[in-house]
Amino acid sequence: MRIEQLGDGEPEIAVVGGIHGDEPCGVRAVEHLIDTQPDVKRPVKCIVANEEALDQGTRYVDDDLNRVFPGDPDSASHERRLASRLLAELRGCRVLSMHSTQSYANPFAVVADDGLAVAESICPYLTLDAVIDAGAFTEGRLVSYAEVVEVECGYQGSEEAAANAVAICQEFLAAVGALPGGEPRTSDVPLYRLQHLIPKGPASGYEVFVTNFERVAAGEAYAAAGDETLIAEKPFYPVLMSPYGYEDEFGYAAELAGKLGGEPTRPDPEQRPSGATES
Ligand SMILES: [Zn+2]
């Protein structure tokens, strides 16, 4: 783990890249800060998290780092030890953690459901297409253990994702008062809440027919696994959905929960028929 500091004093702000070793955008943004040494008004901790996985060009070495928090300092697993060290570094900090995906080109944020206050104070300053409340899907993830806004900056390995990460980093540092500037935007960013995983069975190949964040109607074909076409039983909003982004699932089905900081959207009557519950 590489840790550098901008400014003097004990940092209450941190930016993290490289939680996943095959997502270089956040690393580029952190290195850009270290290289350019902006004149910060508050000290900032700059962290490149999983250097071993980055060196190998893999998501992780032993375990997915963003599934094993709070970690264990005595574990045989590299990522479990690293999770424990990283959490210790982030204690008392407001954190931006940058990721990338195979599912969507523009930045969107992921926050824990009890982290919406952090999201509401920071996300209006960021150029985002959406904010995702991870709902029940926070086990082992950094969002459960730190005051963090995770941002998916774009397609894994793309120059656009790296440029987005640099821009998001600047906006975050303005939002927390470390850099000048920064205007909160009018709160028109849609808030989605994850409802369930969309599983992916073994097959010769996969396809996704729908666009993330665009409503899928009941009866619509949304994906294929080999020769099998998958049809939506109920409407949903696809999030983090891609043919090959994850091993065992296409992504998530979400509900539209409203606008960040705005009034909640009334439940989609088709999406949640009375008596049915999902988690
Ligand atoms: Zn990631």
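Residues numbered from 1 in each chain as written. Predicted model: local features only at pLDDT ≥ 70, side-chain atom pairs only at ≥ 80, totals over all residues. Heavy atoms only, no water.

A.B. asks: Help me out: how do you make sense of the overall build of the chain in this one?
C.D. replies: Within the chain, the regular secondary structure consists of five helices and 13 strands. Its C-alpha atoms give the chain a radius of gyration of 19 Å, within 12% of the compact-globule value 19 Å for 279 residues. Each of the three principal axes of the chain carries a C-alpha extent, and together these read 60 × 45 × 35 Å. Classification of the 279 residues of the chain by burial places 51% in the buried group. Taking as baseline every contact in the chain between residues at least 6 positions apart, the subset at least 24 positions apart corresponds to 70%. A total accessible area of about 12,700 Å² is found for the chain, and carbon and sulfur atoms account for 45% of it. The centroid of the 21 positive side-chain charges in the chain is displaced by 4 Å from the centroid of its 47 negative side-chain charges. (Helix = DSSP H or I, 4+ residues; strand = E, 2+ residues; numbered from the N terminus. Rg over C-alpha atoms; globule rule 2.2 N^0.38 Å. Buried < 20%, exposed > 50% of the residue type's maximum accessible area, 1.4 Å probe, protein only. Contact = heavy atoms within 4.5 Å. Areas by Shrake-Rupley, 256 points an atom, 1.4 Å probe, with all protein chains shown as cover. Lys, Arg positive; Asp, Glu negative; His and termini not counted. Charge placed at Lys NZ, Arg CZ, Asp CG, Glu CD.)

A.B. asks: Sorry if this is basic, but what is going on with the coordination of the zinc ion here?
C.D. replies: Between any two of four tetrahedral donors, the ideal angle at the metal is 109.5 degrees; between two of six octahedral donors, it is 90 or 180 degrees. Summarising the metal site, the zinc ion is bound by the protein donors H20 (ND1), E23 (OE), E23 (OE) and H99 (ND1), whose distances to it range over 2.0 to 2.5 Å. Coordination at the zinc ion is irregular, judged from the four donor atoms that bind it and the angles of 55 to 151 degrees they form at the metal. All donors of the zinc ion belong to a single chain; written as a sequence motif, their spacing is H-x2-E-x75-H. Highlighted residues: H20 in the loop between β2 (13-17) and α1 (25-36) and H99 in strand β4 (residues 94-101), separated in sequence by 79 residues. (Donors = N, O, S within 2.8 Å, 3.2 Å for Na, K, Ca; no water. Tetrahedral: all angles 85-135°; square planar, octahedral: opposite > 155°, others 65-115°.)

A.B. asks: Explain the pairing of β4 to me, please; I cannot follow it from the model alone.
C.D. replies: Moving residue by residue along a regular strand, the side chains alternate between the two faces of the sheet. Of all the eight residues making up β4, seven are buried; the element is thus mostly covered by neighbouring parts of the structure. With four bridges joining them, β2 and β4 adopt parallel strand pairing. By the bridge assignment, V15 is partnered in β4 with L96. (Pairing = 2+ DSSP bridges.)

A.B. asks: Sorry, what's going on with the packing of α1 against helix α5 (residues 159-175) here?
C.D. replies: Geometry of a packed helix pair, given as the angle between the helix axes and the separation of the axes. Packing of α1 against α5 brings their axes to within 8 Å, and their N-to-C directions diverge by 50 degrees. Judged on the interaxial angle alone, α5 and α1 are oblique. At the point where α1 passes α5, the crossing takes the right-handed sense. Contacts between α1 and α5 pair C25, G26, R28, A29, H32 and L33 from the former with E159, A161, A162, A165, V166, C169, Q170 and L173 from the latter. (Axes fitted to C-alpha atoms, helices over the stretch in contact; angles between N-to-C directions. Parallel < 35°, antiparallel > 145°, perpendicular 65-115°, else oblique. Left-handed = near helix turned anticlockwise from the far one by under 90°.)

A.B. asks: Is there a simple way to think about the sheet that holds strand β9 (residues 206-208) in this case?
C.D. replies: Paired through their backbone hydrogen bonds, the strands of a sheet run either parallel or antiparallel. Taken together, the three strands give an open sheet; going across it, the order is β9-β10-β11, and neighbouring strands pair in antiparallel fashion. Unpaired on one side and paired on the other, β9 and β11 (228-231) mark the two borders of the sheet. The average angle at which neighbouring strand axes cross in this sheet is 20 degrees, direction not considered. Pairing of β9 with strand β10 (residues 221-225) involves three bridges; the strand directions are antiparallel. For V208, the partnering residue across the bridge sits in β10 and is A223.

A.B. asks: Looking at this structure, I do not really get α5. What am I missing?
C.D. replies: Given 3.6 residues per helical turn, the α-helix brings residues three or four places apart onto the same face. Over its 17 residues, α5 extends 24 Å from the first C-alpha to the last, a length consistent with the 24 Å expected when each residue adds 1.5 Å. Taken residue by residue, α5 has A161, A162, A165, I168, C169, F172, L173, A174 and A175 as its buried positions. Buried residues along α5 sit against β2, α1, β3 (44-48), β4, α4 (116-122) and β7 (147-155). (Expected span 1.5 Å × (residues − 1).)

A.B. asks: Teacher, can you tell me more about the layout of surface pockets here?
C.D. replies: Sizing a probe to match a water molecule and rolling it over the atoms shows the empty space that remains. When its volume is computed, the largest pocket comes out at roughly 430 Å³. If you go around the largest pocket, you meet 15 residues; those closest to its centre are R59, Y60, D64, Y246 and E247. The residue makeup of the lining of the largest pocket, split by class, is four nonpolar, three polar and eight charged. Two domains each put at least three residues into the lining of the largest pocket: domain 1 (2-175) and domain 2 (195-250). (1 Å grid on protein atoms, 1.4 Å probe; cavity = no way out; pocket = protein on both sides within 12 Å on 5 of 7 lines; lining within 4 Å. Points joined across faces, edges and corners; volume = space filled by probe spheres on them. Nonpolar A, V, L, I, M, F, W, Y, C, P; charged D, E, K, R; others polar. Domains from an automatic or database assignment.)

A.B. asks: Explain the UniProt feature "domain: Succinylglutamate desuccinylase/Aspartoacylase catalytic" (unreviewed entry) in the chain to me, please; I cannot follow it from the model alone.
C.D. replies: UniProt annotation of "domain: Succinylglutamate desuccinylase/Aspartoacylase catalytic" (unreviewed entry) refers to residues 11-102 when read in the numbering used here. Secondary structure within residues 11-102 divides into 34% helix and 20% strand; the distance between the first and last C-alpha atoms comes to 33 Å. (UniProt positions renumbered as here; feature names shortened; annotations may be inferred.)

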